[in-house]
Amino acid sequence: MIRSLAVLLCCLPAGALAASESWLVTTDLWGNPAYQLLTLARDGKRLSGELDGDALKGERTGNAIHFVVTDSRQQTYVFDGKVSGESLRGTADYPDSNNPKTRVSHAFTGRLLPSRPAGGPRVHDFTPTSWSNEFTAHRAPVLTVWPGDTVRTSTLDSGGMDSKGVTRALFGNPQTGPFFIATANPGDTLAIRMRRLKLNRTFADSLDGIVGRALTPGLAAKATELGKPVRWKLDPERGVATPENPTERLKAFTVPLRPMLGGLAVAPGFGSAPLSTGDTGRYGGNMDFNEVVEGNTVYLPVAQPGALLYLGDAHAAQGDGETSQYALETSMDVEFTVDVLHGKPPPSTPRVESPTHLMALGQGGSLDDALRSATQGLTQWLEQDYGLTLSESAQVLGSSVQYVVANLAGRSVGVAAKLDKARLQALRPSVK
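Since the structure is predicted, the reported quantities are computational estimates derived from the model, not experimental observations. Sequence order sets the numbering: in each chain, residues are counted from 1 along the sequence as written. Residues qualify for local features only when their pLDDT is at least 70, as the model is predicted, and side-chain atom pairs are given and counted only at 80 or more; totals for whole chains, interfaces and linings, by contrast, use all residues. Computation of side-chain values: all heavy atoms of the structure, hydrogens and water removed.

Draft legend 1. Geometry of the domain arrangement of the protein. Note that the domain bounds were set by an automatic or database domain assignment. Taken domain by domain, the protein consists of domain 1 (20-112) and domain 2 (129-202 + 257-344). The distance between the C-alpha centroids of domain 1 and domain 2 comes to 32 Å. Opposite the 9 residues of domain 1 that make contact, domain 2 presents 8 residues. Joining two parts hides part of their accessible area as seen by a 1.4 Å probe, and the buried area is that hidden amount summed over both. Interface area for domain 1 against domain 2, summed over the two sides, is near 680 Å², with a carbon-plus-sulfur share of 70%. The largest contributions to the domain 1 side of the interface with domain 2 come from Tyr35, Leu37 and Arg111, which together make up 61% of the buried area. Think of a salt bridge as a Lys or Arg side-chain nitrogen and an Asp or Glu carboxyl oxygen that are within 4 Å of each other. Seen at the junction of domain 1 and domain 2, the total is 0 salt bridges. In the analysis that follows, any N or O atom pair within 3.5 Å is treated as a polar contact, provided that within protein one partner can donate a hydrogen and the other can accept it, and provided that, for residues neighboring in sequence, both atoms belong to side chains. Our count for the domain 1 to domain 2 interface comes out at 2 residue pairs in polar contact (both at pLDDT 80 or more). Under the scheme used here, helices are H or I runs from DSSP no shorter than 4 residues and strands are E runs no shorter than 2 residues, and both carry numbers assigned from the N terminus. Secondary structure elements with two or more residues in the side of domain 1 that touches domain 2: β1 (22-29) and β2 (32-34). Here a residue-residue contact requires only that any non-hydrogen atoms of the pair lie within 4.5 Å.

Draft legend 2. Seen up close, the sheet that holds strand β26 (residues 332-341). At least two DSSP bridges between two strands are needed for those strands to be called paired. Spatial ordering of the open sheet is given by β10-β13-β26-β15-β24-β27-β28-β30-β29, a layout of 9 strands whose pairing is mixed. Edge positions in the open sheet fall to β10 (123-125) and β29 (402-407), since each of these has one partner strand only. Sheet twist, expressed as the average angle between the axes of neighbouring strands with direction ignored, equals 25 degrees. Taken together, the 6 bridges between strand β13 (residues 150-155) and β26 define a ladder with antiparallel strand orientation. Looking across to β26, one finds that arginine 152 is bridged to glutamate 335. Axis lines are fitted to C-alpha atoms, over the contacting stretch for helices. Their N-to-C directions set the angle, which ranges from 0 to 180 degrees.

Draft legend 3. Inspection of helix α2 (residues 367-386) at higher detail. Working rule for helices: expected span equals 1.5 Å times residues minus one. For α2, which comprises 20 residues, the first-to-last C-alpha distance of 27 Å matches the rise-based estimate of 28 Å (1.5 Å per residue) to within 8%. Working definition: with a 1.4 Å probe on protein chains only, accessible area under 20% of the residue-type maximum means buried, over 50% means exposed, and in between means partly exposed. Turning to α2, its buried residues are Ala370, Ala374, Gly377, Leu378, Thr379, Gln380, Trp381, Leu382, Asp385 and Tyr386. Looking at the buried residues of α2, the elements they touch are β24 (297-301), β27 (351-353), β28 (357-364), α3 (390-400) and β30 (413-420). Looking one or two residues past α2, glycine 387 carries a phi angle of roughly 70 degrees, positive in sign.

Draft legend 4. Main features of the environment of leucine 199. Its location among the elements puts leucine 199 in strand β15 (residues 189-199). The class of leucine 199 is buried, set by a relative accessible area of 12%. A sequence separation of 115 residues divides leucine 199 from alanine 314, and the C-alpha atoms of the two residues are 8.7 Å apart. Ignoring any residue separated from it by four or fewer positions in sequence, one finds leucine 199 in contact with Leu234, Leu257, Pro259, Ala316, Thr330, Ser331 and Met332.

As C-alpha cells, then:
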C-alpha cells in the first residue's frame, strides 16, 4: 500500500473545514523508503480523508496527529506523529505482510509541500547546481511545479560538461531534476511539451565508432581502430554542424542542427530499482529518440507521487539509432510545459506526439523485443484514443505503420512505431 504520502493538514479554528496543506512523507519499510499520497481535512479535532483511495479517520490535537486507514481488504494502518514547522515525524503501525494478525511498526518522516500559488500557470526559471546519474525516487526534488506551468532550465552534456566547457558532474548522462509535478499520482500520465530546445555553446563531441549491434563480423574486423573522439563545430546561425578537423573528403560535409533530448524520464515505482541514466524502461530514460525535439509532446506513465521528472543528455543532432555510440553531445537550454492526465490507463510505453505523427517507443534487450513493445504501445494508443478494436488496429498498422530504429547504443535498444495522424482524422471519436 505504501508508496508516498502527501498529508493535508490545517490550522483553522475548531469547527471550520481546513484548507489543504500538503506533505510528502517517507515511510521506512525495513530500510526501503516508500512514498505515498494522503489527503486529510480537519473539522475541529477530527481528521478525514483518503490514503491511496482508502478512507481514513483520525484527529489532531495541537501538533499531534493520529489517523487510521482502512484498505479494501479491511486491513488497518495506524499513523501517529507530530508536526514541527515544515516537518512531520512519527510511526506507522502496519499489518505484517506475511501474517496479517501480527503488527509491525515503521518510522516515517514528512516534509511540507508548497501550496499552489494564486493565479494561472506560471513560468519557473531554474538554474541547476547538482545533477543526478540515476532516475530515482529517492533524490529530493529541485522544484515543485503545477500542471500548466512552464520550466526554463539547462542541461549538461553526456560527459558532465556545461555551456562554458567546465565539467560539473560525473559522466554518463547526468540529469537535471527531479521536478515534482503537483497532482501527479501513480496511475496518471505525465505530458511534457518541449517548447524550446536551444544550443548554448558552439561545440559538440562524438566518436567515429559504429555500435556493435550494427556490425557484421567482417565490418567489425575492419573497425578495430574506430572509437576515437570527434569534435564538431556548431553554427546556430547557419543551422549546421561540421567536423572541427575534417579529413579532405569531409571538408564540405555539414549536418543540419536538430536539437533533441536523449534523456527524459520519471522515477520508477516502489519495488523497482533506480535506473542508471544510461538505461531505459517503461518510464523513459536514456531513450536517445531523435523525435524528442522542440514542438513535440512526450507522454510517460507516473509511478511515484509528483512523477519526479528528469531530463538531460542533449544532442545537437543524431541519426536514427545513435550508431556512433555518441550523438553530437552538447549542453542545452530547455523550456518545457507539463500537464497531468487523469482517468485512463497510463501508456505501456513512452509516447511521443508531433504535429503530424503518433509514435510509441518500444524498448528491450533486442530489436525483436523492442519491436513487439512498440507495436503493443501503438495498439494501446489506438484503442484508448480512437476506440479501435485489435482487428481494426491491425488493419491500420498493416497499411500505414512505420518502424524506426530509435536507439542502438545502450544496454537496451529502442524501436518506434509511427503513424501519420492525417490517416486517423476520420477515426477519432466525437467524444474522447
